[in-house]
Each structure stands twice: as structure tokens, then as C-alpha cells.
Amino acid sequence: MTEHPAAPSPGSSASPGSSASIGHAAPEFAPVRELFDTFLTEDPAYSAQLAVYRHGTRVLRLSGGPGLATDSITGTYSCSKGAGALVIALLVQDGLLDLDAPVVGYWPEFGAHGKDTLTVRQVLSHQAGVPGIRGGLPLAEFATAEGGRRLAAEVPLWRPGTAFGYHALTIGILMEELCRRLTGTSLQELFDERIRRPYGVDFFLGLPEDQEPRYVDVPYDEEPPADPFSLDGITSNAPVSTIMELPNHRTIRAGGMSSAGGVGSADGLARLYAAALTGVDGGPAFLTPATVGVMAEEQVWGLDRCSAQSNAFAVVFMKPQPDRDFGSAFAFGHEGANAALGYADPAYGIGFGYVPHRAEEGRTNGRAQRLSAAIRRACAAANG
């Protein structure tokens, strides 16, 4: 397998092998910084960013290692789904989208081959049975209406609504087509206009050309191609050697596919979720508590039909469960294929963001979720 090296990060402040993070941590979060520094000491190649907002104020922002500087941005893979889901939440809050309405009421063509029985809620919790498009899609078509047309014509791989399986790439097409049908505007434009720019969020669904110098490639290993007719091959769905390759293509970064094309920093992820939950810098949250409750309610939990691992989903968002214990029972967010993680946790009033340079272990035993556990312990201690 051939590793594709990453480009050096512009303006990196940490020297290779450095065991000391740079940045700021409020005093009560000193144990979190100590844990982060332990990771740097244990692995000289480790490099990552970590950020936390609490009650709308940034209380922690760290970076370390040779790959990512504080101001670097890189691929976050499925953390993009959380950003897309926040746009969907705004459509629900605005009264434009009814989660319990049939999808065909908004998108008639989607009803082909028995998919007419599905509600928006089912489709956005991975129950539609269309986790891929047979034959795949060109990279440039993922965030376009052509992607929606192709997906609508798909025959489900299981009877819709009878099981759930992670729609790794196609759930982005589902979200994007609903946005187009409801507003005449792309999800990416809505994210930019209603969330990224008003709240100063350093996260992009569609990276502008002038931000390209900040982008750091994700190193990845090439993998043998999957059988294109297997569940894995159909779900992979893109003409790349591995999903890890995706954000390194300018086409994907520019198009901002909401399933896996998002680019940003840990601070961007943390601020994104904080702005939704509590507001930031003294301003109001952009979601009401009622909308948060609707979107964060768990819809499915158990063995995922596609990954054969345990998973739990709300409306698009991942939910904590024993194998992915990233927050309280009230938390909602999304992990990426490289173990990047962003979430909001109403129990602690926090927005959390973690972005590694290289892909690493995710789920409960991964560094991101160990850091998250330390943050929750610090919050509990601060509360007495």
C-alpha cells in the first residue's frame, strides 16, 4: 500500500516530535491539556487540533504535532453530515420541512421502486435502503441535482424502513436534494448564508479558492478496490481508491458534498455546534431548544446493516451509545472516517471539535472520545 504524504502546514508553530501543545486552556480544563500532551509524547508523528466552547465562550483551543497548525484546515469526512444536518434543522424550525411527511411530497421522483412509503424522518436516519448508487457517481456530481436524479431512480437494497444501514455518501445527496426542492437554493449556500458567515465558523461546505493555502492534505493508504456489486462497493460509491482520498480533491472541497466534503478546523467544529446550541460570544443560539430536541431524538440503534457495527442515529446526527460514547445521552454530533469529531452536548452546554492530521482509531477507545470524556469530567468538577 502506498501512503500519500501530506503537504506541510503553513505557519506551523509546533516542531516535529514536540510533546507540548500550543494554545489556551481555561484552568479547569488543565487535565484535558495534560491528556492531549500525553498523546503528543507517546507518538511523535501525532498531530491534531482540539477546541471546546462552554456556554458560548471558548474555553479550550489546542494544537500540536508536526502536521497541523492552529490555523490549518483539513478534511473532516463525515463530520460534514453534522453541518448539513444543522441546515436541515433550520428548515424544520422554519416550518418548511415536516419530518413525518412522506418524502415524495417534496420529491415525487424519489418514490420509485417502493420508496414512496418512506418519511423524511426515516430517510434521514439511514433507513431508506439506498446507501449507494450502482455504477457510482463522478466526483463532480455528488452535490448536484444529477446526483439526486440518480439516487431517486435507485432500487433499494432492503425493504425501505425495515432496517437501517449507514448511507455514508448518499445521505448527503438526500439532504441536498431536499434543500433544493424546498428552497431553490443549495444546502451549501444555505450553510454559508445562515450559519458559517453570521457566526464566524471556520468550517466550509464548499471551500473558497482564497482559503486553499490553509488546506493540509490528509495522508492515506491506497486500498484494493472493493467488489463493485458488494454492499461495501455500492456504498463506497465514488471513483476513488479509498474514501480517505476524497477531501484531497479540489473538486470535492469546492463542491462541499455534505456527506464527506467538509473542510475546517477543530475550532470551526466546536463553534458550529456551540452556535447552534447556546450561541457564541453573547449572541443567541440559531436553534431553539424545541428544534434541538426534535433533531437530537434517537431514531434507530443496533447493528448497522452496512457496517455490521453498532450505531445509533438521530435525524442525521450520531447519538452516543456504548461503542461510541462521545457525550451524554442528550448529545448529538458526528464522527468522521479519520476520527475527527464534532458535537453539541446540552447536558454540559458545550460545543466540541477535534481534528487529527492522520486517520486514527475512532469510537469510544479513540483519542477524540477519550478527550471528550476528560472534558465532561472537567465540566462536572467545575460544577461542584
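Structure: see above.
Residues numbered from 1 in each chain as written. Predicted model: local features only at pLDDT ≥ 70, side-chain atom pairs only at ≥ 80, totals over all residues. Heavy atoms only, no water.

Undergrad: Help me out: how do you make sense of the pairing of strand β9 (residues 300-303) in this one?
TA: Regular strands place side chains that alternate from one sheet face to the opposite one. Where β9 lies against strand β10 (residues 310-313), four bridges are found, and the strand directions are antiparallel. Bridging across to β10, Trp301 finds its partner in Ala312. (Pairing = 2+ DSSP bridges. Helix = DSSP H or I, 4+ residues; strand = E, 2+ residues; numbered from the N terminus.)

Undergrad: Is there a simple way to explain the side chain of Gln49 in this structure?
TA: Secondary-structure assignment places Gln49 in strand β3 (residues 48-54). Take Gln49: its relative accessible area is 3%, and that puts it in the buried class. A polar atom in the side chain of Gln49 sits 3.1 Å from the backbone oxygen of Ser72. Of note is the side chain of Gln49, whose polar atom sits 3.0 Å from the backbone nitrogen of Ala266. Setting aside residues no more than four positions away along its own chain, Gln49 makes contact with Leu62, Ser63, Leu68, Ala69, Thr70, Ser72, Ser265, Ala266, Gly353, Tyr354 and Val355. (Buried < 20%, exposed > 50% of the residue type's maximum accessible area, 1.4 Å probe, protein only. Polar contact = N/O pair within 3.5 Å; in protein donor to acceptor, adjacent residues only side chain to side chain. Contact = heavy atoms within 4.5 Å.)

Undergrad: In this structure, what is going on with the sheet that holds strand β11 (residues 332-335)? I would like to understand it.
TA: The pairing of strands in a sheet comes from backbone hydrogen bonds and takes either a parallel or an antiparallel form. Strands sit in the order β2-β4-β3-β13-β12-β11 across an open sheet of six strands; the sheet is antiparallel. Lying at the two open borders of the sheet, with one neighbouring strand each, are β2 (22-25) and β11. Each strand of the sheet is rotated relative to its neighbour by a mean of 10 degrees, with strand direction disregarded. Where strand β12 (residues 341-345) and strand β13 (residues 350-356) come together, five bridges link them in antiparallel fashion. The partner of Gly342 across the bridge, within β13, is Gly353. Here helix α2 (residues 79-93) sits on the sheet in contact with β11 and β12, set at roughly 145 degrees to β11. (Axes fitted to C-alpha atoms, helices over the stretch in contact; angles between N-to-C directions.)

Undergrad: Please explain the environment of Pro289 as it appears in this structure.
TA: Tracing the backbone through its elements, the reader meets Pro289 in helix α10 (residues 289-296). Relative accessible area serves as the criterion here: at 71%, Pro289 is assigned to the exposed category. Sequence separation between Pro289 and Gly172 is 117 residues, and the spatial gap between their C-alpha atoms is 25 Å.

Undergrad: Before we go on, may I ask you to explain the pattern of salt bridges in this structure?
TA: Close approach of charged atoms allows side chains of opposite charge to pair. A full pass over the atoms with the stated rule returns 20 salt bridges. The shortest N-O distance in the salt bridge between Asp100 and Arg121 comes to 2.8 Å. Residue Asp100 is located in the loop between α2 and α3 (120-123), and its partner Arg121 is located in helix α3; the two are separated by 21 residues in the primary sequence. The structure contains a network of salt bridges with shared partners spanning Glu109, Glu177, Arg180 and Arg181. (Salt bridge = Lys/Arg side-chain N within 4 Å of Asp/Glu carboxyl O.)

Undergrad: Mind showing me how you'd approach a negative patch on the surface here?
TA: Taken together, the side chains of Asp221, Glu222, Glu223 and Asp232 make up a negatively charged region of the molecular surface. By the element assignment, Glu222 lies in the loop between β7 (220-221) and α7 (231-236). We classify Glu222 as partly exposed; its relative accessible area is 33%. (Patch = residues over 30% accessible without salt bridge, like charges linked within 9 Å, V, L, I, M, F, W, Y side chains within 5 Å. Areas by Shrake-Rupley, 256 points an atom, 1.4 Å probe, with all protein chains shown as cover. Lys, Arg positive; Asp, Glu negative; His and termini not counted. Charge placed at Lys NZ, Arg CZ, Asp CG, Glu CD.)

Undergrad: For this particular structure, what's the right way to read the sheet that holds strand β5 (residues 74-75)?
TA: Ordered in space as β5-β8-β6, the three strands form an open sheet in which the pairing is antiparallel. In this open sheet, the two strands that pair with only one neighbour each are β5 and β6 (203-204). The pairing of β5 with strand β8 (residues 263-264) spans two bridges and is antiparallel. Its bridge partner being in β8, Gly75 is matched across the sheet by Val263.

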